[in-house]
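# Coordinate inspection notes
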Amino acid sequence: MGLTVYKSSAGSGKTFTLVKEYLKIALKNANASGLKSILALTFTNKAALEMRARIIKYLNELTDDKLRSKSDMYRILLADKYLNLSEEELISRSNKLLHQLLHQYSSFSVSTIDRFSHSVIRTFSNELGLSQNFEVTLEIKEILLDAIENLIGRAGKEKELTDFLIRFSLDRIENDKSWKIEDEIFNSSQFILNEDAEEYLKPLSELSLTELSAIQKKLLKSVAKFENSLIEDSENALKLISDSGLEIKDFYFGATGGLPSYFKKLIRLDFKKLEGARVLKTIGEDVWYTSKTMPDVAAKIDSIKDELVGYYAKTKKLFQNDFPIYVIETGVLSNFYATSLINEVYREFKRLKVERNVLPVSDFNKLISSIVSKQEAPYIYERIGNHFNNFLVDEFQDTSRLQWQNLMPLIENSLATGNSNLVVGDGKQAIYRWRGGEVEQFVKFPYIRGMENSNILSERIENIRLSVKEFKLSTNYRSKKNIVEFNNRLFSNIVEGKEDIIKSIYKEINQKYLPQNEGGYVEVKVKDEKDENGESFDEFNLRETIIAIEAAIKQGYNYGDIAILTRKNPSLLYLADELSSQGIPI
């Protein structure tokens, strides 16, 4: 009974645990509803298919004499105190479930959240204000492109919009970009496909294009002030050097990372690796020239170094005070025109959806939420709540705020009638933020962002919270000892100094390993940032990769046994080209 939350890690048997809990509920009710009353939800079609396959596999093990004798699932379920079944009864109920599954496969409800939401919307289309023959579309980007085309087509008819689009095109030309603006508008406007887009569009929708243009002018003025101050101080510093009869090369690493190079980079507004070890050595350790410097040159440097330190201190203070704001302002300005047009695109986008009678998948949760968030007992769930008694949610770390908000009434109702429910997830594997996934929900389960603004939502969360039981799956069944221990040390170290939400995700992270899983190997090579031989990271990576490959081949491995992963595609292409040129098969 209640809502069990399993917090898992890689290799910790998450899917096995999920299927085990599914079977426990089904076996408990085998003489009644059996599989019919359970709805298992996951995030992708692939995961749903895998869960179905696992359930069938283990039911087959439970009912087959030969397979049962070697089945871990059978031994676990037979010993389970919640089930408290004899061997004969466990086998009998397993046969009933397998028979039900084979003869009533449609009652086997393992689905993605999107598919479940679609079924709700299709069933209650009238109540949701939709036509009965609406179409679900995955070609959502085509509608977005048409909306942008319609927007640009309004140029020449609406003066405010026309002026804005002309300035947009001229800005692109001035920055050596194509005058065609469609691609940039499209890239920015893809944001409106997110299910929570309206929440962030509201402030933007309250501003006209004229008001946005006024904001742009203020930002440009602030950015120019920061840049001009840096350039002025840096030019004065270099002029001082020149007026003193000195050249940049006279200084300690003057042209290659020294203080004069620092000022030259500021003039170019090049802030990458601006303040390296050589600048810090000059300022911090008073190293301005080498032992080979001529005495008269050294004397000239000594005579102006205090002034140069003054210019350095002014730029340093400017960075400390204003650079964070400057980064935000330039970031906003870099995509200002396209971002300002998002709301106009959104209006066209919504009009086209109605005109074409289509519904994007991203709208599913918004439609359901528009009802369930305002009603204590949402009528659209009455039939579903009567059909399903138990809800199991996989990959919860990737659920969006609206998805969880929409599932709450069902789980609340299930708990109120004394049924068991399950949530499984791993905060470290949250990868769907681009679709609105909020890992914070799993960390703070069952709480949800914005709950303080809704009495209904707050009450639901509190009712659910009282039934939550949390467990951690802490044994890694997959990896070798050295791999597990390396990960334990790594995660323990990298969370130090991180924000509380990150620390919560990695709290009690240490995994155990199976006694038979001795061995495993991990080696980490870190490029020395102070390395002054000019070797790039890709060159360093290539050299170390070749060393590792050659070592593996000497140990008896084949090239086909080796996999290479990189963080970015360009690095992978570079590695592939270089390895191939050295005769290493790819």
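Residues numbered from 1 in each chain as written. Predicted model: local features only at pLDDT ≥ 70, side-chain atom pairs only at ≥ 80, totals over all residues. Heavy atoms only, no water.

## What to know about the overall build of the protein chain
So the rule is basically this: A run of H or I in DSSP becomes a helix once it reaches four residues, and a run of E becomes a strand once it reaches two; helices and strands are each numbered from the N terminus. Restricting the calculation to C-alpha atoms gives the radius of gyration, and the globule rule supplies 2.2 Å times the number of residues raised to the power 0.38. Only protein chains enter the accessibility calculation, which uses a 1.4 Å probe; a residue whose area is less than 20% of its type maximum is buried, one above 50% is exposed, and one in between is partly exposed. Here, residues are in contact when the closest pair of their heavy atoms is within 4.5 Å.
Within the protein chain, the regular secondary structure consists of 25 helices and 10 strands. Here the protein chain has a C-alpha radius of gyration of 31 Å; the compact-globule value for 586 residues is 25 Å, and the former is much larger. C-alpha atoms of the protein chain, sized along the principal axes, occupy 100 × 75 × 50 Å. Going through the 586 residues of the protein chain one by one, you find that 45% of them count as buried. Considering only contacts in the protein chain between residues 6 or more positions apart, those separated by 24 or more positions represent 76%.

## Focus on a nonpolar patch on the surface
Threshold: Residues enter a patch when their relative accessible area is above 30% and they make no salt bridge; the linking distance is 9 Å between like charges and 5 Å between nonpolar side chains (Val, Leu, Ile, Met, Phe, Trp, Tyr). Per-residue and other accessible areas were derived by the Shrake-Rupley procedure at a 1.4 Å probe size, with only the shown protein chains allowed to occlude residues. The working definition used for a salt bridge is a side-chain nitrogen of Lys or Arg within 4 Å of a carboxyl oxygen of Asp or Glu.
Taken together, I166, L170, I173 and W179 make up a surface patch of nonpolar side chains, about 430 Å² in accessible area. In this fold, I166 is placed in helix α8 (residues 159-174).

## Concerning the pairing of strand β1 (residues 2-7)
In terms of residue burial, β1 counts as a mostly covered element, since 6 of its 6 residues are buried. Of the two faces of β1, the one lined by G2, T4 and Y6 and the one lined by L3, V5 and K7 are each fully buried.

## Brief notes about the packing of aromatic side chains
Centre distance and the angle of the planes are the two values used to describe a pair of aromatic rings. Applicable threshold: When the centres of two rings from Phe, Tyr and Trp lie within 6.5 Å, Trp using its six-membered ring, the rings pair. Their planes under 30 degrees apart give stacked, over 60 give edge-to-face, and anything left gives tilted. The rule is short: NZ of Lys or CZ of Arg within 6 Å of the ring centre and within 35 degrees of the ring normal puts a charge over the ring.
A complete count under the given rule lists 26 aromatic pairs for this structure. Between F16 and Y58 the ring centres are 5.5 Å apart and the planes differ by 90°, which places this aromatic pair in the edge-to-face class. With F16 in helix α1 (residues 14-28) and Y58 in helix α2 (residues 45-63), this pair connects stretches of sequence that are 42 residues apart. Overall, the relative accessible area of 22% leaves F16 in the partly exposed class. Judged by relative accessible area, which is 9%, Y58 ranks as buried. A ring pair is formed by F491 and Y506, whose centres lie 5.1 Å apart and whose planes are at 40°; its orientation type is tilted. With F491 in helix α22 (residues 481-494) and Y506 in the loop between α23 (500-505) and β10 (512-513), the pair connects residues that are 15 residues apart, well separated along the chain. Take Y506: its relative accessible area is 18%, and that puts it in the buried class. Chaining the aromatic ring pairs together yields one cluster made of F226, F271, F319, F323 and Y326. Note that K28 overlies the ring of Y82, its terminal NZ or CZ placed 4.9 Å from the centroid.

## With respect to the nonpolar core
This is how it is decided: For our purposes a nonpolar core is just a set of buried Ala, Val, Leu, Ile, Met, Phe, Trp, Tyr and Cys residues, chained together by side-chain atoms within 4.5 Å.
Counting 57 residues, the largest nonpolar core has I192, L308, L341 and F349 as the members making the most contacts within it. With residues up to four places along the chain from it excluded, the contact list for L341 reads L151, L161, F164, L165, F168, I185 and L209. Grouped together as the second largest cluster of nonpolar side chains are 37 residues, V120, L130, L407 and F445 included.

## A closer look at the sheet that holds β1
Spelled out, the test is: By the convention used here, strands pair only if DSSP detects at least 2 bridges between them. Note on definitions: angles span 0 to 180 degrees between N-to-C directions of axes, and those axes are lines fitted to C-alpha atoms, for helices only across the stretch in contact.
Taken together, 6 strands build an open sheet; the order of strands is β3-β2-β6-β7-β1-β8 and the sheet is parallel. Taken across any chain shown, the strands that pair with only one partner, and hence form the sheet edges, are β3 (109-112) and β8 (468-472). Each strand of the sheet is rotated relative to its neighbour by a mean of 15°, with strand direction disregarded. Bridge count between strand β2 (residues 38-42) and β3: 4 bridges; the pairing is parallel. Along β3, the bridge assignment pairs L41 with S111. On the sheet, α2 packs against β2 and β3 and is oriented at approximately 160° with respect to β3.

## Focus on the pairing of strand β6 (residues 390-393)
Looking along a regular strand, one sees side chains alternate from face to face of the sheet. Inclusion rule: Here a crossover is taken to be right-handed if, once the strands point away from the viewer, the path from the first strand over the helix to the second is traced clockwise.
Residues N390 and L392 point to one face of β6 and F391 and V393 to the other, with burial holding for every one of them. Here β2 pairs with β6 via 4 bridges, running parallel. Bridge assignment links I38 to a residue of β6, and that residue is N390. Looking at chain direction, β6 and strand β7 (residues 420-425) are connected through 2 bridges and run parallel. Within β7, the position partnered with V393 by the bridge is V423. In the classification by handedness, the crossover that spans β6, the intervening helix α19 (residues 401-416) and the parallel β7 is right-handed.

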